[in-house]
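Residue strings, one per chain:
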There are 2 protein chains.
Amino acid sequence: MALIVQKFGGTSVADLDCVRRVAKRIKGDWLSGNKVVVVVSARAGLTDELIRKAKSLNESPSPRELDALISIGEQESMTLLSIALQTEGVPAISRTGAQAGILTDFAFNNANILSVSGSDIQERLNEGKVVIVAGFQGTNALGETTTLGRGGSDLTAIALAHALRADHCKIFTDVEGVFSTDPKIVSNAKKLDEISFDHMFLLASMGSKVMQSRAVSFAKDKKIPFEILSTFSDKPGTFVKEIVEEKTPAPSIALDRDQKLVTVQFTSLNTPTSPPLSRFLDLFQPHTSLDMLESSTDQLSFSIPSHHYAWSKHATDAFLAETTNAILLVKDIAKISLVGIPSSSIPIHQISNTLKQSNINLYACVPSPSKISLAVDIANAESTVSLLHQTLIHSNDPIPFPLNLTGTYN
Amino acid sequence: MALIVQKFGGTSVADLDCVRRVAKRIKGDWLSGNKVVVVVSARAGLTDELIRKAKSLNESPSPRELDALISIGEQESMTLLSIALQTEGVPAISRTGAQAGILTDFAFNNANILSVSGSDIQERLNEGKVVIVAGFQGTNALGETTTLGRGGSDLTAIALAHALRADHCKIFTDVEGVFSTDPKIVSNAKKLDEISFDHMFLLASMGSKVMQSRAVSFAKDKKIPFEILSTFSDKPGTFVKEIVEEKTPAPSIALDRDQKLVTVQFTSLNTPTSPPLSRFLDLFQPHTSLDMLESSTDQLSFSIPSHHYAWSKHATDAFLAETTNAILLVKDIAKISLVGIPSSSIPIHQISNTLKQSNINLYACVPSPSKISLAVDIANAESTVSLLHQTLIHSNDPIPFPLNLTGTYN
């Protein structure tokens, strides 16, 4: 008899038919004699709808009130799923994050889990019940509802698997696992059987929607292996685990459609670049994680998530006020990251030429030891991913061009 | 500086424009230097939508899960209203029923309030904040969410007014107060300036939607006067209070469209009526409150709320299994109750004749010391209310017919 923690995402409980399907799936695991804890997200679209409502009342709604608002989506899912399970003859009981003993800090909208008390859930499991926990939420020491950042239900599942010493942790989603790129974009993308925590973390950080990056980081930290698999099929998924010697990491391409490329051009060539750069980083760093950072004598540039740019607007304004000889350029881009392709074999000139032949503008292409990230127009995002997947992953030919890691590109 | 508890119903927060309007109204009271606690309902229609979802998964959903589900509507309203108030520059903070310290028993779906801890709200008020409390909900001793029955936000408001020793308690709704009948049906219905707890309780129990009957009962018990008034106008409303000597109670007509008239006919005339009647009452009484009870040698009949009939179906089945010589007739009806019209002046024959002239079938007409209730087809509900209002209330003529309290009618 195993203890299984499973998480079902928003598309898995998108409507009542989906909820019934998930209930039948859970029933199977329960009938096999397992103890089952289920973490559930809000139905697809609901959280965005609630955020839209809040923002239509106030562009910057109180983070505290916003959390109390957007946590209700998971509460809807947990109760509907409990009721559907009871209809199937499975004794189920629901728990909000607070009721499940998930204690967080006070960082509303992006709270960190401080501790998880598993005792109540263990008692319910010992009574033979299936426990349905509202994902994405916890409570701070004042009893206020907090949320764990977008995709936070993943973190709830991993944290519960840790607290309950679960035998298995399964993250159910709408794709069959981790692919060489999003199978919704590239139909012949290859499913990976397994992937290391590090590689998965990189993919998630670079915009792969399959898993929240904080949840992967937590799993790596606590050594909680888990499986990513599909609600809509019975095929095995992708195991994410500690892989000590990853000789040939599976190559994959992540896409983040919602980034901004920020470029500061210095109009006077005599300006020393170091002081402005470090000053700029000091201004931005507390608010966000910069990526694709590049600097030369006359400019520096980096990419950040679009919503972080809005938060950091005052940093930009402060910098420009201090720096009279700088021009700021900000552009909406899609960021495409090549992960797990041995850096020694990445043909940057070929990438650049291939995109040029397809009339795709490449605004930046920045290699780092673990990945290469490219900035293109959002309209070109999917065709770029397809092209790179075809060239670098799907073709079994050896990659023909010599490496150029200096980041020079047209 | 007064402490005001005000409650806004579902139509008052039906959409974001309504929420903004309510926020501006609250701001006015707060700017005048008052301490303001606001109880808010789910937006109109949401609770019904959630119940429909639960019932489509299970005809009899778990009362515990149903409460956890239907409580989210008020949580949506409380946060949106807080955000709208903050946009107006008013420091507002939201509280769920549990966070507001509303402790109830374990009677899910229809819980009773055991105690209300006002200390947290008092602290927030002393900080200068407006406190927005989710109505209709509390928590039991196990930390599970409970709800207080339909219209339960009224009870939340009255209970908070009691716990906080409020100076004023205002129930905002979509009509301007208590009328001689529903002004949406009879446009020239008269608004009552004041009404006694007892009279208000009768109206609410008989189907007047303006106020939850349990809330009125609680207010009478704790001697908490309150005012019912409109969100959409600035006119004074109706004061509900202790009126010791109510010499001329204001006449009014309540309508409940969702009732069943249950009739048991005994086919053998020799059957003693008393044993079956008491047996029948024993079966039904734990589940519901019967009204319009009448018995004769060959039949007994009563009215109950339609949803209570579904709950009591097993009682009916048990009774018919025991009683071989009985036929059961169940009919959907609208129940119309005449309240506050001195019983000594009610012309039952005239009522009967008036309805007959308008081709309205009268299925039952049962007088009691405090009211007279009539059963008609649901399709005839509004025309009957109009007709009776015109005849008995709007006409200033003395009521012409002699009293007949025996309940005999055609």
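See above for the structure.
Residues numbered from 1 in each chain as written. Chains lettered and ligands numbered in written order. Predicted model: local features only at pLDDT ≥ 70, side-chain atom pairs only at ≥ 80, totals over all residues. Heavy atoms only, no water.

### Details of unusual backbone geometry
Okay, step 1: The backbone of A:Asn359 shows a phi angle near 55°, a positive value even though the residue is not glycine.
Okay, step 2: Locating A:Asn359 in the fold gives a position in the loop between helix H12 (348–357) and strand E17 (364–367). (Helix = DSSP H or I, 4+ residues; strand = E, 2+ residues; numbered from the N terminus.)

### Focus on the environment of A:Leu114
Residues and elements named next belong to chain A.
Okay, step 1: Position of leucine 114 among the secondary structure elements: in strand E5 (residues 113–116).
Okay, step 2: Classification of leucine 114 by relative accessible area gives exposed; the value is 56%.
Okay, step 3: Distance in space between the C-alpha atoms of leucine 114 and leucine 103 is 5.6 Å, their sequence separation being 11 residues.
Okay, step 4: Beyond its immediate sequence surroundings of up to four residues, leucine 114 is in contact with Leu103, Thr104 and Asp105. (Buried < 20%, exposed > 50% of the residue type's maximum accessible area, 1.4 Å probe, protein only. Contact = heavy atoms within 4.5 Å.)

### Re the interface of chain A and chain B
Okay, step 1: In this complex, chain A contributes 36 residues to the contact, which on the side of chain B involves 36 residues.
Okay, step 2: Between chain A and chain B the total buried area reaches about 2900 Å² when both faces are included, carbon and sulfur atoms providing 56% of it.
Okay, step 3: Taken as a group, A:Leu57, A:Glu65 and A:Ile83 account for 24% of the area that chain A buries against chain B, more than any other trio of residues on that side.
Okay, step 4: Summed over the shared surface of chain A and chain B, the result is 2 salt bridges.
Okay, step 5: For the salt bridge of A:Glu76 with B:Lys53, the shortest nitrogen-to-oxygen distance reads 3.0 Å. (Buried area = accessible area lost by both parts, 1.4 Å probe. Salt bridge = Lys/Arg side-chain N within 4 Å of Asp/Glu carboxyl O.)

### Notes on the sheet that holds strand E3 (residues 92–95) of chain A
Residues and elements named next belong to chain A.
Okay, step 1: Across the sheet, 8 strands lie side by side as E3-E6-E2-E1-E9-E11-E12-E10; this open sheet has mixed pairing. Strands at the two margins of the open sheet, each flanked by one partner only, are E3 and strand E10 (194–196). Within the sheet, the average angular offset between the axes of one strand and its neighbour, ignoring direction, is 20°.
Okay, step 2: Pairing of E10 with strand E12 (residues 238–241), which is carried by 3 bridges, proceeds in the parallel orientation. From the neighbouring strand, serine 196 faces E12, where its bridge partner is lysine 241. (Pairing = 2+ DSSP bridges. Axes fitted to C-alpha atoms, helices over the stretch in contact; angles between N-to-C directions.)

### Thoughts on the sheet that holds strand E15 (residues 299–305) of chain A
All names here are of chain A.
Okay, step 1: Taken together, 6 strands build an open sheet; the order of strands is E14-E15-E13-E16-E18-E17 and the sheet is antiparallel. Because the sheet does not close on itself, it has two edges, and the strands there are strand E14 (291–295) and E17. Averaged over all adjacent pairs, the angle separating strand axes in this sheet is 25°, with direction ignored.
Okay, step 2: Each of strand E16 (326–339), E17 and strand E18 (371–376) is contacted by H12, which is oriented at about 20° to E18, the strand it contacts most.
Okay, step 3: Packing against the sheet, helix H13 (residues 381–394) makes contact with strand E13 (252–266), E16 and E18, and its axis sits at approximately 115° to E13.

### Re the packing of aromatic side chains
Residues and elements named next belong to chain B.
Okay, step 1: Considering all chains together, one arrives at 4 aromatic pairs over all chains under this definition.
Okay, step 2: When the ring of phenylalanine 197 is compared with that of phenylalanine 226, the centres are 6.5 Å apart and the planes differ by 35°; the resulting orientation is tilted. With a gap of 29 residues between them, phenylalanine 197 in helix H7 (residues 197–205) and phenylalanine 226 in strand E11 (residues 226–230) connect regions that are remote in the sequence.
Okay, step 3: Looking at phenylalanine 197, the relative accessible area reads 3%, which means it is buried.
Okay, step 4: In this structure phenylalanine 226 comes out as buried when scored by relative accessible area, which is 2%.
Okay, step 5: Note that lysine 222 overlies the ring of phenylalanine 218, its terminal NZ or CZ placed 5.5 Å from the centroid. (Phe/Tyr/Trp six-rings, centres within 6.5 Å; stacked < 30°, edge-to-face > 60°. Lys NZ or Arg CZ within 6 Å of the ring centre and 35° of its normal.)

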